[in-house]
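Residue-level structure breakdown
What follows is each chain in one-letter form.
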Amino acid sequence: MNFFLESVQSAVNLLFLLIVLGTLVISWIFAYKLQKLHNADFPWGKTLMIVGIEVAAWIGFNIFFELFQKHWIIITIIGLIAIYFVSKRKKQKFS
């Protein structure tokens, strides 16, 4: 089971890496075009904030996944119970 979970974690880490690098590359392309076509500055502060959120989510995922690898049975049972109760909850009608 650990081999499967480690494979999933590696795949998701690769996905996070591609997302962060993609954000930086696309931002650099937009900054270049904005400077070239309109002689304007690119809002790098917002880009760095987005990359910071992505990296924080990446770190949070790894922390959660390490806990999940150690206690996967308990977390799976709790997750299934939570999904059951959320799906059985009555939908409120707003009129």
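My aim in this report is to walk through the structure given alongside it, one point at a time.

Compared with an ideal rise of 1.5 Å per residue, which puts 27 residues at 39 Å, helix α2 (residues 44-70) spans 39 Å between its outermost C-alpha atoms and is within 8% of the ideal. Among the residues of α2, those classed as buried are Thr-47, Val-51, Glu-54, Phe-61, Asn-62, Phe-65, Phe-68 and Gln-69. Looking at the buried residues of α2, the elements they touch are α1 (2-38) and α3 (72-88).

This paragraph deals with the nonpolar core. Leu-5, Phe-16, Phe-61, Phe-65 and Phe-68 together form the largest nonpolar core, which totals 5 residues. Elements with a minimum of two residues in this core: α1 and α2. Here this core gets 3 residues from one element, more than from any other, and that element is α2. Discounting residues that sit within four places of it in the chain, Phe-16 has contacts with Glu-54, Ala-57, Trp-58 and Phe-61.

As a further point, take α1. Between its first and last C-alpha atoms α1 spans 53 Å; for 37 residues at 1.5 Å apiece the expected length is 54 Å, and the two agree. All buried positions along α1 are accounted for by Leu-5, Gln-9, Phe-16, Val-20, Thr-23, Ser-27 and Ala-31. On its buried face, α1 sits against α2 and α3. At the exit of α1 stands Asn-39, carrying a positive phi of roughly 50°.

Apart from glycine, the bulk of residues carry a negative phi angle, and the bulk of peptide bonds sit in the trans form. Within the chain, Asn-39 stands out as a residue other than glycine whose phi angle is a positive 50°. Relative to the assigned elements, Asn-39 resides in the loop between α1 and α2.

What counts as what
- Residues numbered from 1 in each chain as written.
- Predicted model: local features only at pLDDT ≥ 70, side-chain atom pairs only at ≥ 80, totals over all residues.
- Heavy atoms only, no water.
- Helix = DSSP H or I, 4+ residues; strand = E, 2+ residues; numbered from the N terminus.
- Expected span 1.5 Å × (residues − 1).
- Buried < 20%, exposed > 50% of the residue type's maximum accessible area, 1.4 Å probe, protein only.
- Contact = heavy atoms within 4.5 Å.
- Core = buried A, V, L, I, M, F, W, Y, C linked by side-chain atoms within 4.5 Å.

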